[in-house]
Amino acid sequence: MNLVYQLFLLTNLFGQISLIYIDPNGYLVYCPCMGRFGNQADHFLGALNFAKKLNRTLILPPWIEYRQGEPKSIQVPFDRYFKLEPISQFHQVITMQEFMERISNSVWPEDQRISFCYMERKSLRGSMKKDCHAKEGNPFGPFWDEFKIDFIGSEFFAPLHYDVWHTAGLIDKWHQKYPANKWPVLAFTGAPASFPVQKENIALQKYLVWTDEMQSKATNWIKLNLPKGAYLAIHLRNGIDWKRACEHINDSPKLFSAAQCVGYNNEKGVATPDMCEPSKQLIIKQIRQELKSYHSKHPTNGIKSIFVASDNDFMIKELNEAFKRLKISAFRTNEKDPHLDLMIMEKSNHFIGNCISSFSAFVIRSREVHGFPSAFWAFHTASTQIRDEL
Ligand code: GFB
């Protein structure tokens, strides 16, 4: 298509004329409807790669959050947390707000909005219509409602799928079945990506860069609250939802994000109950060991404090007691702010995360981008040695 057709004149509310760029290769949008931040971040990396391979602009969905007492999900603009420029270096993107405000009327008028799902999805409301029912339930409804999007129909894309890394010719099939001139926007009911993130997409983490505002929040917190010097960060995932999930670990050797340490084919081991839900005793033993090992590598810059991120039990008292003799204290934020916790963990000198948790996985991937070291609770050498010592 000629570039002339890609530029549209747009008159805004004040009568000013502006030029907007329309991607002739089309757009891709999806609802990050599964799980909380860690799950959504895994899905984002897969969706970014899928959009790149299809060469469609990725419409960046807001992050979906849940607040206590709120019956509906809350949609937080994508760029409230992350910069757009680094992602644009990899592939063209636009925020959902901007797309809906400036472009949707030109390429995706209300009478052409079709939702995509692999196959028919059962209605929660008892409807017998063969449909994606893309807006039924929370967060599905609130997500599309945020942008006043209603669908006039559904498209089942089976047998196509989105595993572009392992299926030759898949992209051509998508183009043949859904050419951009007939299907300018592919709107997926859920993320066109797998969970956990595929191995091939992990490297895309480097394009997820916190905004300057977010980063200063973390650096200021560290400056104001932690003793000067190196710190160890630990993630203690131990809320009631997690304890329940860990009960299934023996039957699911690759539960949630376990592949990050046991490998995608369990080539490095299997997930164990200790890795999912380490005991307090194990946590203290492993910290002691990691501190020792860190000190031997950095004799002049030993760990001065421990930063604890948790969704439930921070173990501050137990940690302070255990490391009193080493003059190392434990600290936490009081904000219940997952993103602040993530950034402080990312910036630490050493990190111990939960191999099964996608929240920990986000930290591990971000640290890998900078070459920062990390360990997992009860995994590998640590796990065998620690269990023997208990
Ligand atoms: O991020 P997420 O998918 O990770 O969900 P997992 C866990 C959520 O719990 C986070 C909160 O997004 C936070 O809102 N959370 C967990 C924390 N750890 C912390 C923390 O250290 N600090 C703060 N402030 N908040 C799994 C999901 O969660 O949990 C599964 O993958 C399933 O879908 C399972 O729901 C039970 O991977 O850890």
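Residues numbered from 1 in each chain as written. Predicted model: local features only at pLDDT ≥ 70, side-chain atom pairs only at ≥ 80, totals over all residues. Heavy atoms only, no water.

Draft legend 1. Main features of the overall build of the chain. On a plain count of helices and strands, the chain comes out with 14 helices and 15 strands. The C-alpha radius of gyration computed for the chain amounts to 23 Å, which stays within 12% of the reference 21 Å derived for 390 residues, consistent with globular compactness. When the backbone C-alpha atoms are referred to their principal axes, the chain occupies close to 70 × 50 × 45 Å. Counting every position in the chain, which comprises 390 residues, the buried fraction comes to 50%. Considering only contacts in the chain between residues 6 or more positions apart, those separated by 24 or more positions represent 70%. When the accessible surface of the chain is split by element, carbon and sulfur atoms take 53% of a total near 19500 Å². Between the mean site of the 46 positive side-chain charges and the mean site of the 40 negative ones, the chain shows a separation of 4 Å. (Helix = DSSP H or I, 4+ residues; strand = E, 2+ residues; numbered from the N terminus. Rg over C-alpha atoms; globule rule 2.2 N^0.38 Å. Buried < 20%, exposed > 50% of the residue type's maximum accessible area, 1.4 Å probe, protein only. Contact = heavy atoms within 4.5 Å. Areas by Shrake-Rupley, 256 points an atom, 1.4 Å probe, with all protein chains shown as cover. Lys, Arg positive; Asp, Glu negative; His and termini not counted. Charge placed at Lys NZ, Arg CZ, Asp CG, Glu CD.)

Draft legend 2. Representation of the packing of helix 1 (residues 37–54) against helix 13 (residues 358–370) in the model. Contact pair helix 1 / helix 13: the axes reach a minimum separation of 7 Å and the direction vectors enclose 55°. By the angle between their axes, helix 1 is oblique relative to helix 13. Once helix 1 is placed against helix 13, the crossing between them reads as left-handed. Residues Phe37, Gly38, Asn39, Ala41, Asp42 and Leu45 of helix 1 touch helix 13, and the partners they reach there are Ser358, Phe359, Phe362 and Arg365. Looking at side-chain class alone, the contact of helix 1 with helix 13 contains five nonpolar, three polar and two charged residues. (Axes fitted to C-alpha atoms, helices over the stretch in contact; angles between N-to-C directions. Parallel < 35°, antiparallel > 145°, perpendicular 65-115°, else oblique. Left-handed = near helix turned anticlockwise from the far one by under 90°. Nonpolar A, V, L, I, M, F, W, Y, C, P; charged D, E, K, R; others polar.)

Draft legend 3. Representation of empty space enclosed by the protein. The tally for this structure, following the rule as stated, stands at one cavity of 30 Å³ or more. If you add up the space inside the largest cavity, you get close to 40 Å³. Lining the largest cavity are Tyr30, Pro32, Gln40, Phe44, Pro61, Pro62, Trp63 and Phe78. Here the residues of the lining of the largest cavity sort into seven nonpolar, one polar and no charged. (1 Å grid on protein atoms, 1.4 Å probe; cavity = no way out; pocket = protein on both sides within 12 Å on 5 of 7 lines; lining within 4 Å. Points joined across faces, edges and corners; volume = space filled by probe spheres on them.)

Draft legend 4. Region of interest: the layout of surface pockets. Size it by volume and the largest pocket reaches roughly 1300 Å³. Among the elements of the structure, helix 1, strand 5 (63–65), helix 7 (240–246), strand 12 (303–310), helix 12 (338–347) and helix 13 are those that each provide at least two residues to the lining of the largest pocket. Of the residues in the lining of the largest pocket, the class split is 15 nonpolar, 14 polar and 11 charged. Each of domain 1 (6–200) and domain 2 (210–389) accounts for three or more of the residues forming the lining of the largest pocket. (Domains from an automatic or database assignment.)

Draft legend 5. View of the site of the ligand. Surveying the vicinity of the ligand reveals 18 residues, the closest of which are Gly38, Asn39, Arg237, Ser357 and Ser358. Within the side chain of Arg36, one N or O atom sits 3.4 Å away from an oxygen atom of the ligand. Within the backbone of Phe359, one N or O atom sits 3.4 Å away from an oxygen atom of the ligand. Listing elements by their share of the shell around the ligand, those giving two or more residues are helix 1, helix 7, strand 12, helix 12 and helix 13. Here the shell around the ligand takes three residues from helix 1, the largest share from any one element. Here the residues of the shell around the ligand are counted per class, giving six nonpolar, six polar and six charged. The residues that make up the shell around the ligand include at least three from each of domain 1 (6–200) and domain 2 (210–389). (Near = heavy atom within 4 Å. Polar contact = N/O pair within 3.5 Å; in protein donor to acceptor, adjacent residues only side chain to side chain.)

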